[in-house]
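Residues per chain, in single letters:
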Amino acid sequence: MSSLTIRNLRKSFGSVEVLKGIDIEAKAGEFIALVGPSGCGKSTLLAMIAGLESVSEGEIRIGDRLVNSVAPKDRDIAMVFQSYALYPTMTVRENITFGMESRGVPRPQRDEAVKRVAALLQIEPLLGRKPGQLSGGQRQRVAMGRALVRDPKLFLFDEPLSNLDAKLRVDMRSEIKKLHHRVGKTTIYVTHDQVEAMTLASRIAVMHQGQVQQFDEPQAVYDRPANMFVAGFMGSPAMNFIQTEVGTDTDGRPAVSFKAAGGGTATLALHNGIAGQISTRNVILGIRPEHIFRYSPELKAAKPSIAKVEAPVEMVEPTGAETIGFMRFGDLEVVGRFDPDEAPRMGETITLGVDMSHACLFDPITKNLI
Amino acid sequence: MTDATIAAVHDREAAIAGRRHLASRTIIYALLTFFALIYLAPLVILVFNSFREQPEIAQNGLIAFPRSFQLSAWADAWSTYCIGGTCEGMRRNFLNSLWMAVPATVLSTALGALNGYVLSKWRFRGSETLFTLMLLGVFMPGQIALMPWAFILGKLGLTNSTYGLILVHVIQGISFTTLFCRNYYVSIPDDLIKAARIDGAGFWRIFRKIILPLSPPILIVTVIWQFTGIWNEYLFGVVFTSGREQPITAALVALTASGTNVRAYDVMSAAVLIGALPPLLVYFFGGKYFVRGLTQGAIK
Amino acid sequence: MSTAEVDGGQVGPTWRERLTKASPVLVLVPSLAASFIYIFVFTIWTLYISLSNSSLLPSYDFVGLSNYVSLWSNRRWNIAYSNLFLFSAFYIVGAMAIGLLLAILIDQRVRGEAMWRTIFLYPLAVSFIVTGTVWSWLYNPVDGIQMLVRGLGWTDFNFALASDRNTAIYAIIITGIWQSSGFAMALFLAGLRSVDPDLVKAAQIDGASTFRTYRKVILPVIAPIFLAVAVIQIQFAIKTFDLVAALTRGGPGISTTFPAIYVYDLMFQRGQIGEGAAAAMMMLAALAVVLVPYSFYVVWRRRKENRHD
């Protein structure tokens, strides 16, 4: 088990710079998720950690060892691919032992290792089959088996679950989590699925346009997104952004205001000390959908940070466990999550409660969190 | 209209449709049969004449149902018939073609597989350009290469030798085999190669353990394409070799052109069949792959 | 794309590592060198000979374009290239028409499809030498088709296509079509099979007849295949040598001379290497005239398709 250190890592293809100075440090045993939209550079970063892509600038260390120019096979890593990349002409057993065979591990040892991994992943009955005869979930297991069978310093996962159907994906997700808990290897996990990142990782690196936007623990990334990109990317439905003007409410407390649906102005009082840090006239208010709900005096009494605003309901989408409501705030559509029992109806004008203690304010120019 | 009349109308329509269907089927099969006869005729005539006796051919013409039977034409054509003074039949030329086509096929296919592997899985800066340039070889007319080859084969002492022809065919064939293999290997996922590299396999081990086991379909196509092409080639054969060293295509032209013989159609038919047999066998046994090679060659 | 790893360069790699990294390139080097020599050096070499006064043996005295001037003023060369035009036109149209007809017939869910395909395609496995030889016998007035028909009672039937200098070229055309219409069929059939079956169903629901479905729906979809087949066959036509050598040997007289035949004659029968090289260069030029625009077209079409993806 060892740590992974990435310092000022850069990668260019021709004149296009795809990674613009990445700094990530994974402690031994940590589970790091690299998350971001397609084209953000996360897979390139993973390929560079694996040694499949060359380093243009900067350094990669596994433990204390600088591995910039070390061949993939000598980095002591294992990788699970999105396509699984199982060797189609080999049996499951041969797939799992190919790496050890390449390294000249003697046969009894290989057999022993296969037995251990097959038991761990419950794939004993599949050992004699070819990948073509396996289901998607089984292939996934074999791919993990191939990675687990050696005792590598580092596990790399490249969107391993994205080819599975929804139900299987959830199952495998928790299985990977249990497995990491048991094996405890340093793991780098690339995904575009923020739920996977949230559920699995001990820390998340959110990437966009070749840069790490935020590198922090999952809850911190969710609650205090470093900028509007992270705020919008993490969470579904996405965070609501409302262009507001800074001022005071009728009680003289610091507040933000925006044009409401009817033509009037809605004012939301700011919570706590945040107001003191605002230096601009305008800010962008970020509110997650779960912090917008049906207002009631009892809620307000229990939580003074709740602000009140009226809005017409344009559409509702029941999902079963909750109902998503789309409300009009001036020019904007704002999304809220409702308990199905108190879900609004289409066309209704509803009094909403907005929990301002969870509000995020962003600088409209730099788009960064205030 | 009552239900009964509607049913009757439907029946009549169905009958007309049925008759039209039958008529169109008949036309389709009649046309196919007509063309099939035209296509098969030359082969059938050859086979018949190789077993007919020469006097009977002379009397009834080439295109006739056999009224005599002999096997001696095949034996003559194989080992004793005289072409331009030497009386050794086609055996030597047949073997020349075999010793030319087999090594040239194996070598050019092996090189094509390796080239295709590099150009699809180990690309480097400029490798696409190099591939495009190699493709030009597919279109080169042999005539352009005649004088340079004559010079080079002369310098190497390979004039009038099967080895010379092997060299010519291997180098001419590289473009084709590389094209075939590269286009096939491109469809093998790159992730397999990456996984193997992480598993500690190098360039050669990946080729041996991963690429080669996936290659039989394309290797069969390439081998069939190269073998029939090289076996049937005439220009280089007739220019760079003569007499006993000629491949069978050149020998067949010499045989049928030799004015000294009275037209011995029986022996000549057998000789032509001997020359046609290897590629025909390859075609009948590997037809599926043969067609695949054609269509791939066309989509370059 | 997997790229060969480029060395980042902190620790100097051992010679062994260097060799391993270089092996992809090293593997390619012999083939590349050979292809380079074959394609470029040979072409330039032949070009140079065509500009020299080489006769029986190559010489390297530069004489400008005189070989080309002499070639183009030669009656045989004029016959050769007008034969090439005539042959190309009939051969391409004929082989494509029959090939398309056969492909459509086979596409009608006929029984024994593999058998029909095998029959129509086998001539392609056989060499032009074999084909040419057999057909020269069939065209032979004494023993061939003429004798057969006369034997059937039609005693004044005349069929001496290959023996008449005015018609011998058509004997070559017919044989050429016989040899390669199966090839056109195979490509057309592959094309027909690649057409989206829903398209055909939609046309049938729209009430189109079979004929109309082919004409208006299916054939336009496979239009690129027509062009591909035509280009390949023009290539065959320009390179035509074996077929003529076995069928008519350029005769009667010089009536079926083709460029490739003439190149051979000039170089190896008459010892006019310089002029032969000039004729070979003209063949290359003819191929380039066809293939260069076509490859630009193919690249353009591929780009366009990629954009739509």
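Residues numbered from 1 in each chain as written. Chains lettered and ligands numbered in written order. Predicted model: local features only at pLDDT ≥ 70, side-chain atom pairs only at ≥ 80, totals over all residues.

**Thoughts on the overall build of chain A**
Phase 1 of the analysis: Along the backbone of chain A there are nine helices and 20 strands.
Phase 2 of the analysis: Projecting the C-alpha coordinates of chain A onto the three principal axes gives extents of approximately 80 × 45 × 35 Å.
Phase 3 of the analysis: When burial is assessed residue by residue, chain A has 41% of its 370 residues classed as buried.
Phase 4 of the analysis: Taking the intrachain contacts of chain A between residues at least 6 apart in sequence as the baseline, contacts between residues at least 24 apart amount to 65%. (Helix = DSSP H or I, 4+ residues; strand = E, 2+ residues; numbered from the N terminus. Buried ≥ 20, exposed ≤ 12 C-beta atoms within 10 Å, placed from the backbone. Contact = placed C-beta atoms within 7 Å.)

**A closer look at the overall build of chain B**
Phase 1 of the analysis: Within chain B one finds 14 helices and zero strands.
Phase 2 of the analysis: Of the regular secondary structure in chain B, the N- to C-terminal order runs α-α-α-α-α-α-α-α-α-α-α-α-α-α.
Phase 3 of the analysis: Taking 300 residues into account, the globule formula puts the C-alpha radius of gyration at 19 Å, and chain B, at 27 Å, lies well above it.
Phase 4 of the analysis: C-alpha extents for chain B along the principal axes are approximately 85 × 65 × 35 Å.
Phase 5 of the analysis: Split into buried and exposed, the 300 residues of chain B put 49% on the buried side.
Phase 6 of the analysis: Taking the intrachain contacts of chain B between residues at least 6 apart in sequence as the baseline, contacts between residues at least 24 apart amount to 76%. (Rg over C-alpha atoms; globule rule 2.2 N^0.38 Å.)

**Re the sheet that holds strand 2 (residues 16-26) of chain A**
All names here are of chain A.
Phase 1 of the analysis: If you trace the four strands from one edge of the open sheet to the other, you get 2-1-4-5, paired in antiparallel fashion. Edge positions in the sheet fall to strand 2 and strand 5 (65-66), since each has one partner strand and no second.
Phase 2 of the analysis: Bridge analysis of strand 4 (residues 57-62) against strand 5 gives two bridges, and the strand direction is antiparallel. Considered in strand 5, the bridge of Ile62 is made with Arg65.
Phase 3 of the analysis: Helix 1 (residues 42-50) rests against strand 1 (4-13), strand 2 and strand 4 of the sheet, and its axis sits at about 65° to strand 2. (Pairing = 2+ DSSP bridges. Axes fitted to C-alpha atoms, helices over the stretch in contact; angles between N-to-C directions.)

**A few points about the environment of Glu342 of chain A**
Phase 1 of the analysis: Relative to the elements of secondary structure, Glu342 of chain A occurs in the loop between strand 18 (332-338) and strand 19 (349-355).
Phase 2 of the analysis: Once the C-alpha coordinates of Glu342 of chain A and Asp223 of chain A are considered, the two residues, 119 residues apart in sequence, prove to be 25 Å apart.

**Remarks on the domain arrangement of chain B**
Residues and elements named next belong to chain B.
Phase 1 of the analysis: Along its sequence, chain B is carved into domain 1 (3-70) and domain 2 (91-298).
Phase 2 of the analysis: Between the C-alpha centres of domain 1 and domain 2 the distance comes to 37 Å.
Phase 3 of the analysis: Facing nine residues of domain 1, the contacting portion of domain 2 comprises seven residues.
Phase 4 of the analysis: Sorting the residues of the side of domain 1 that touches domain 2 by element identifies helix 1 (3-51) and helix 2 (54-60) as the ones contributing at least two each.
Phase 5 of the analysis: In terms of residue count, helix 1 provides more of the side of domain 1 that touches domain 2 than any other element does, four residues in total.
Phase 6 of the analysis: When grouped by side-chain class, the residues that make up the side of domain 1 that touches domain 2 number four nonpolar, three polar and two charged. (Domains from an automatic or database assignment. Nonpolar A, V, L, I, M, F, W, Y, C, P; charged D, E, K, R; others polar.)

**Describing the domain arrangement of chain A**
Residues and elements named next belong to chain A.
Phase 1 of the analysis: Assigned domains of chain A: these are domain 1 (4-233) and domain 2 (240-362).
Phase 2 of the analysis: Computed over C-alpha atoms only, the centres of domain 1 and domain 2 are separated by 40 Å.
Phase 3 of the analysis: Contact with domain 1, which involves four residues of that partner, is made by five residues of domain 2.
Phase 4 of the analysis: When the residues that make up the side of domain 1 that touches domain 2 are grouped by side-chain class, the tally is three nonpolar, one polar and no charged.

**Some remarks on the sheet that holds strand 3 (residues 31-35) of chain A**
Residues and elements named next belong to chain A.
Phase 1 of the analysis: Across the sheet, six strands lie side by side as 6-7-8-3-9-10; this open sheet has mixed pairing. The open sheet terminates on both sides in strands that have one partner only, identified here as strand 6 (77-80) and strand 10 (211-216). Each neighbouring strand pair of the sheet contributes to a mean axis angle of 15°, computed without reference to strand direction.
Phase 2 of the analysis: Where strand 3 and strand 9 (residues 203-208) come together, four bridges link them in parallel fashion. Bridged to Val35 within strand 9 is Val206.

**Describing the interface of chain C and chain B**
Phase 1 of the analysis: Across the contact, 73 residues belong to chain C and 64 residues belong to chain B.
Phase 2 of the analysis: A total of 17 residues in the side of chain C that touches chain B trace back to one element, the largest contributor, which is helix 1 (residues 15-50) of chain C.
Phase 3 of the analysis: Of the residues in the side of chain C that touches chain B, the class split is 55 nonpolar, 15 polar and three charged.

**A closer look at the environment of Asn8 of chain A**
Phase 1 of the analysis: With respect to the element layout, Asn8 of chain A can be found in strand 1.
Phase 2 of the analysis: If sequence neighbours within four positions are ignored, Asn8 of chain A has contacts with Gly21, Asp23, Glu57 and Gly58 of chain A.

**Topic: the packing of helix 3 (residues 75-106) of chain C against helix 7 (residues 168-194) of chain C**
All names here are of chain C.
Phase 1 of the analysis: The contact between helix 3 and helix 7 brings their axes to 6 Å, and the two run at 40°. One element, helix 3, and the other, helix 7, form an angle in the oblique class. As for the relative orientation of helix 3 and helix 7, their crossing is right-handed in sense.
Phase 2 of the analysis: In terms of residue class, the contact of helix 3 with helix 7 is built from 20 nonpolar, six polar and no charged. (Parallel < 35°, antiparallel > 145°, perpendicular 65-115°, else oblique. Left-handed = near helix turned anticlockwise from the far one by under 90°.)

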